[in-house]
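If you want the building blocks of each chain, they are given just below.
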Amino acid sequence: MKALKIQNLQKTYASGFVALKNVQLEVEEGDFFALLGPNGAGKTTIIGIITSLVNKTAGDVSVYGHSIDLESEIAKTYIGVVPQEFNFSVFEKVIDIVVNQAGFYGIPQPIALERAEHYLSQLGLWDKRYQSARMLSGGMKRRLMIARALVHEPKMLILDEPTAGVDIELRRSMWAFLREINQQGKTIILTTHYLEEAEYLCRKVAIIDKGTIIENTTIKELLSRLQTETFIFDLKRPLAEPPVIQGCEITSIDEMTLEIIFEKSRDLNTVFQDLSKHHIEVLSMRNKTNRLEELFVRLTHHESL
Amino acid sequence: MTMRLKENWIGLETIVRKEISRFFRIWTQTLLPPVISMTLYFIIFGHLMGGRIGDLKGFRYIDYIVPGLIMMSIITSSYGNVVASFFGAKFQRNIEEMLVSPMPNYIILWGFVLGGVARGVTVGVLVTVVSLFFTKLQLHHVGVVMIVGLLTALLFSLAGFINAIFAKKFDDINIVPTFVLTPLTYLGGVFYSIDLLPNIWQNITYINPVFYMINAFRFGMLGRSDIGTHIALWVIFGCVITLYGISLWLLKKGVGIKS
């Protein structure tokens, strides 16, 4: 079952700016899907169209088989959305924001109150329920929007840059939460600037650039296209100059750390042997985490992989 | 129309409850000012000056102007409620909470409009109660008073909604009340009968919809009007239908709220 199917989606704004050019996209039920792209690529426009906040120029969008044009009321019940910018009344109480949202989806108040307690507790906001939303910190406001998006228990959750401006600890706890609800069967679509986030959380990825989907595949497949791999080596003793080793691009991050890029086909043992020849002892090593970033930059700059 | 009636009803109830609690929460800005200004009208125009003006159409001056003043407070309050609330929701973007939900457009419209009607009627009742300190309540035809009061509140709630749809900044929600609504109300016969006007001004008054509302309301209270009540009711009803159609069309097109 396709959770989301987008066909020939086009959007031209009144100013004449073409935001989307024939976008095709499919997201399977239960996927954790990343939509990546530089600023202004069209990610938020796509989300706006799916959630009925932006009028499309042409094309079809269906959610769990229901067209957003012909069966918009059914399609909307499947979607929960967490926008990039805060879009609640800052004068309302936290609990009212969540319970009212349930009301807009036709959920009776006693059930809405139960669910509000459940999601606000899960997201660490239950103690703040009687506070006015303007009193919350940035991270809390973002979690409030997640609770609000989940209160009608949608099958698909769309998050537009959910961890932008959120500290590392909170980002990690949000990731854990999102993973958990995805494992429970919820389809999640995420746009993010943190490519590490997409690599850590998502199974599939689409990259959009200037209104066109330029990649739509699994993260694993995309990463496998990299011909090289980058490792970080922590050294036992300080090193004044990085060594020169055939087939390796070595840069010194600091006197105790080296970044080494080499062909994927190369045996890692030979790298160690070469380092030993230069009397370099390695304490530990790790794969560089922002591999996706490398790919992303290459793809959006139209370089070959 | 795929959503069930029950769910739509809960959605409508949620918006109306939210709207009513909003204007009660800020009652010093929403309920108190019209009561104070109408009290001043009653004191100055009715009590102090009214005695010198004498009778108008067989009624004491204060008795003659009370229906118009109640209507004036209903008009400004219902309009003000919807224009401020809907524009506020647009400005803070919390209107998106409703737009992403499965509620059909007509439920969103009715939710805001009924909130405006509730405030218009609340203020109307409060002003009527205050008027009892200055004059005796006269009710010639209760049904006409209620229908005209409700339809007028509905009409100006819809007008406020349309204003809010087009408003881009806070100034835009004050322009219409200041430059259109107030002149129409004052020139709609709150303080005088159009018989006192020269012919040309009488004819001009006939194109002012507020004139029909004030006179139909005055008929309901005093049994006296410058225009037939049936005609007035049709004019009000026609305006309500027209503005309702325009509002729904604007919502469907997403004017001012979708890009």
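Criteria and cut-off values
Residues numbered from 1 in each chain as written. Chains lettered and ligands numbered in written order. Predicted model: local features only at pLDDT ≥ 70, side-chain atom pairs only at ≥ 80, totals over all residues. Heavy atoms only, no water. Helix = DSSP H or I, 4+ residues; strand = E, 2+ residues; numbered from the N terminus. Buried < 20%, exposed > 50% of the residue type's maximum accessible area, 1.4 Å probe, protein only. Areas by Shrake-Rupley, 256 points an atom, 1.4 Å probe, with all protein chains shown as cover. Lys, Arg positive; Asp, Glu negative; His and termini not counted. Charge placed at Lys NZ, Arg CZ, Asp CG, Glu CD. Rg over C-alpha atoms; globule rule 2.2 N^0.38 Å. Contact = heavy atoms within 4.5 Å. Core = buried A, V, L, I, M, F, W, Y, C linked by side-chain atoms within 4.5 Å. Expected span 1.5 Å × (residues − 1). Patch = residues over 30% accessible without salt bridge, like charges linked within 9 Å, V, L, I, M, F, W, Y side chains within 5 Å. Salt bridge = Lys/Arg side-chain N within 4 Å of Asp/Glu carboxyl O. Pairing = 2+ DSSP bridges. Axes fitted to C-alpha atoms, helices over the stretch in contact; angles between N-to-C directions. Domains from an automatic or database assignment. Buried area = accessible area lost by both parts, 1.4 Å probe. Polar contact = N/O pair within 3.5 Å; in protein donor to acceptor, adjacent residues only side chain to side chain. Nonpolar A, V, L, I, M, F, W, Y, C, P; charged D, E, K, R; others polar.

Asker: Could you clarify how one ought to interpret the overall build of chain A in this entry?
Answerer: Looking only at helices and strands, one finds 10 helices and 14 strands in chain A. Overall, the C-alpha framework of chain A stretches about 75 × 45 × 35 Å when taken along its three principal axes. Scored against the burial criterion, the 305 residues of chain A give a buried share of 52%. Of the roughly 14000 Å² of accessible surface on chain A, a fraction of 50% belongs to carbon and sulfur atoms. Put simply, chain A has 35 plus and 40 minus side-chain charges, and the middle of one group is 3 Å from the middle of the other.

Asker: Got a minute to help me understand the overall build of chain B in this structure?
Answerer: What chain B contains, in helices and strands, is 12 helices and 2 strands. Whereas a compact globule of 259 residues would reach a radius of gyration of roughly 18 Å, chain B reaches 19 Å, a difference of no more than 12%. Along the longest, intermediate and shortest principal axes, the C-alpha atoms of chain B span 60 × 35 × 35 Å. Within chain B, buried positions represent 54% of all 259 residues. Counted over contacts in chain B with a minimum sequence separation of 6, partners at least 24 positions apart contribute 82%. Roughly 11700 Å² of accessible area belongs to chain B as shown, and the carbon and sulfur atoms make up 70% of that amount. Placing the 20 positive and 11 negative side-chain charges of chain B at their respective mean positions leaves the two points 3 Å apart.

Asker: How should the environment of H66(A) be read in this particular structure?
Answerer: Residues and elements named next belong to chain A. Tracing the sequence through the fold places H66 in strand β5 (residues 66-67). Between the C-alpha atom of H66 and that of K76, which follows or precedes it by 10 residues, the distance is 9.2 Å. When neighbours within four sequence positions are excluded, H66 is seen to be in contact with V61, E71, I74, A75 and Y78.

Asker: I'm lost on the nonpolar core in this one. Help?
Answerer: Most often, soluble globular proteins have nonpolar side chains that are buried together. Among the nonpolar cores identified, the biggest contains 164 residues, and V63(A) and L144(A) are the most heavily contacted of them. No other element matches helix α5 (residues 61-91) of chain B, which puts 17 residues into this core. Those residues in contact with V63(A) that sit more than four places away from it in its chain are A3(A), L4(A), I50(A), I68(A), A75(A), Y78(A), I79(A) and M156(A). Grouped together as the second largest cluster of nonpolar side chains are 12 residues, F231(A), L258(A), I260(A) and L275(A) included.

Asker: Help me understand helix α1 (residues 5-25) of chain B, please; the structure alone is not making it clear to me.
Answerer: In an α-helix there are 3.6 residues to a turn, and that puts residues three or four apart on one side. Under the 1.5 Å per step criterion, the end-to-end length of α1(B) is 30 Å for 21 residues, consistent within 8% with the ideal 30 Å. Those residues of α1(B) that are buried are in contact with α3 (94-104) of chain A together with α2 (27-30), α5, α6 (95-99) and α7 (105-131) of chain B.

Asker: Before we go on, may I ask you to explain a nonpolar patch on the surface in this structure?
Answerer: On the surface, V121(B), V125(B), V129(B), L132(B), F133(B), L137(B), L139(B), V142(B), M146(B) and L150(B) cluster together into a nonpolar patch covering about 920 Å² of accessible area. Listed by contribution, the elements that provide at least two residues to the nonpolar patch are α7 and α8 (142-166) of chain B.

Asker: Explain the sheet that holds strand β11 (residues 228-235) of chain A here, please?
Answerer: By definition, the strands of a sheet pair up through backbone hydrogen bonds, in either a parallel or an antiparallel sense. Residue and element names in this part refer to chain A. Pairing in this open sheet of 4 strands is antiparallel, and the strands run β12-β13-β11-β14 from one edge to the other. Because the sheet does not close on itself, it has two edges, and the strands there are β12 (248-254) and β14 (282-287). On average, each strand axis in the sheet is tilted by 25° relative to the strand beside it, whichever way the strands run. In this structure, β12 lies alongside strand β13 (residues 257-263), joined through 6 bridges in antiparallel fashion. The partner of S252 across the bridge, within β13, is L258.

Asker: Teacher, can you tell me more about the domain arrangement of chain A here?
Answerer: Quite often, the size of an interface is put as the accessible area lost when its parts meet. Structurally, chain A comprises domain 1 (2-223) and domain 2 (228-300). When each unit is reduced to the centre of its C-alpha atoms, the spacing between domain 1 of chain A and domain 2 of chain A is 38 Å.

Asker: Quick question: what am I supposed to make of unusual backbone geometry here?
Answerer: Leave glycine aside and you will find that most residues have negative phi; peptide bonds, for their part, are mostly trans. At E153(A), a position not held by glycine, the phi torsion is positive, near 50°. Inspection of the secondary structure puts E153(A) in the loop between α5 (138-150) and β7 (156-160). With relative accessibility at 39%, the residue E153(A) sits in the partly exposed group. Even without being glycine, K57(B) reaches a positive phi, approximately 55°. Structurally, the position occupied by K57(B) is in the loop between β1 (55-56) and β2 (59-60).

Asker: Can you walk me through the interface of chain A and chain B in this structure?
Answerer: In this complex, chain A contributes 31 residues to the contact, which on the side of chain B involves 27 residues. Taken together, the two surfaces of chain A and chain B that pack against each other cover about 2600 Å², and 52% of this comes from carbon and sulfur. The three residues of chain A that bury the most area against chain B are L53(A), E73(A) and F104(A), which together make up 29% of that side's buried surface. Connecting chain A to chain B are 3 salt bridges. A salt bridge links E97(B) to R148(A); the nearest nitrogen and oxygen atoms lie 2.8 Å apart. Scanning the region where chain A abuts chain B turns up 15 residue pairs in polar contact (both at pLDDT 80 or more). Elements represented by at least two residues in the side of chain A that touches chain B include exactly α2 (72-77) and α3 of chain A. The class makeup of the residues in the side of chain A that touches chain B is 14 nonpolar, 11 polar and 6 charged.

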